[in-house]
Structures are given as structure tokens and as C-alpha cells.
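Structure at a glance
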Amino acid sequence: MSTLKKFLKHKDYVRIPLILTATDHFEINVEINSVKGRFILDTGASNTCVGMDKIDHFNLISEESIIKAAGAGATNMETLVSKKNKIELNSWCYKKLEIVLFDLKHVNEALTAHNAEPVDGIIGADILKKSKAIIDYDKKCIYLKKKKR
């Protein structure tokens, strides 16, 4: 019987390691607009998000948004949006990513209170759906389907 890794490689998936944090979140290394960052993987987050304090760091062009963010104990937070961004996770790439920008202070305070490192953002369900993601919790990795060229 073939392993999941071999099976998915044959189906054009790329394997990306995940890092389990002290808070039991999976952390993933990401490049947005060719700038490296540390993100947590959140299957419950609708969109990929970046902290407002990282707009310049990731070369994001932001505009006003009517979206209100909620999560991790905070609700009704003001947001901005940044369109047409390039995201790379290992060799998987998407060039038209819309990113929600909001204050991640409450998220990072919760992480650091439990001896985890702060993050630059959150990978949400938008990327997981686009990539037909498969998370292997046991092997601490995620598989993302490469797009046909």
C-alpha cells in the first residue's frame, strides 16, 4: 500500500512542513510579495489575514473595507483589504490573493502569554480551499495541490 505522501505527490501536491507551537497551533512559513513571514494555520478563519503593523513589511497596498473581523476573543474589529498579492508556500504559489488586514495584537498577546512566538498573520480557509489542502496532523505537514499551467 502506498503512503499518503507518495500518493499525493503523484497527484501533484506539494508537501509543506508545519511547526507545532506551544499553544498547539500549527505555524507555517510563508512568503507574501517575496517577503518571508511566520503565520499560523487557522481552518476556522475565513480569510488569510496580516497584522496592520505588517502592511509596509509585506509591501501591501491597502484600501478601506466594510468587513468586520472577529476571533480569539475580539469582535467587530476594523479591517482594511489588500488585493492582488502573491503568496508562496514552499513551491505552491497564488498571484491574486486578497488579504484582510486587522490588528493582531490580541492574537499575539495570547500566543506570547503561552510562550509561543508572535506571528505576522493567519493562513485561512481561502488558501486551504484554493489549494485543495490536506492536513496530516500526525506527520505535522500540509499538502497543497499545484495549479495546472
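What counts and what doesn't
- Residues numbered from 1 in each chain as written.
- Predicted model: local features only at pLDDT ≥ 70, side-chain atom pairs only at ≥ 80, totals over all residues.
- Heavy atoms only, no water.
- Buried < 20%, exposed > 50% of the residue type's maximum accessible area, 1.4 Å probe, protein only.
- Helix = DSSP H or I, 4+ residues; strand = E, 2+ residues; numbered from the N terminus.
- Salt bridge = Lys/Arg side-chain N within 4 Å of Asp/Glu carboxyl O.
- Contact = heavy atoms within 4.5 Å.
- Pairing = 2+ DSSP bridges.
- Axes fitted to C-alpha atoms, helices over the stretch in contact; angles between N-to-C directions.

An unreviewed UniProt entry annotates the protein chain as Aspartyl protease originating from Maribacter stanieri.

1. Re helix H2 (residues 105-113)
Buried within H2 we find His106, Val107, Asn108 and Leu111. Among the residues trailing H2, Asn115 stands out with phi positive, at a value near 60°.

2. A few points about the pattern of salt bridges
Evaluated as defined, the whole model comprises 6 salt bridges. For Lys54, the salt bridge is made with Asp120, and the minimal N-O distance between the two is 3.3 Å. Within this pair, whereas Lys54 is found in the loop between strand S5 (49-51) and strand S6 (62-71), its partner Asp120 is found in the loop between H2 and strand S9 (121-123), the two being separated by 66 residues in sequence. Residue Lys54 is classed as partly exposed on the basis of its relative accessible area of 22%. Each of Glu27, Arg38 and Glu117 takes part in a single network of salt bridges with overlapping partners.

3. Some points on unusual backbone geometry
Look at Asn59: it is not a glycine, yet its phi comes out positive at around 55°. Take Asn59: it is sitting in the loop between S5 and S6. Phi at Asn115 takes a positive value of approximately 60°, unusual for a residue other than glycine.

4. Some words on the environment of Ser62
Tracing the backbone through its elements, the reader meets Ser62 in strand S6. Overall, Ser62 belongs to the partly exposed group, its relative accessible area being 33%. When the C-alpha atoms of Ser62 and Leu101 are compared, they prove to be 8.0 Å apart, with 39 residues separating the residues in sequence. Each residue touching Ser62, except ones within four places of it in the same chain, is listed here: Ile55, Leu80, Val81 and Leu101.

5. Quick look at the sheet that holds strand S10 (residues 134-136)
What the 3 strands build is an open sheet, ordered S1-S11-S10; its pairing is antiparallel. Only two strands of the sheet have a single partner each, and these edge strands are strand S1 (13-17) and S10. Across the sheet, the axes of successive neighbouring strands diverge by a mean angle of 25°, strand direction being ignored. Both S1 and strand S11 (residues 141-145) contribute to a ladder of 5 bridges, which runs antiparallel. Pairing of Tyr13 across the sheet is with Lys145, part of S11.

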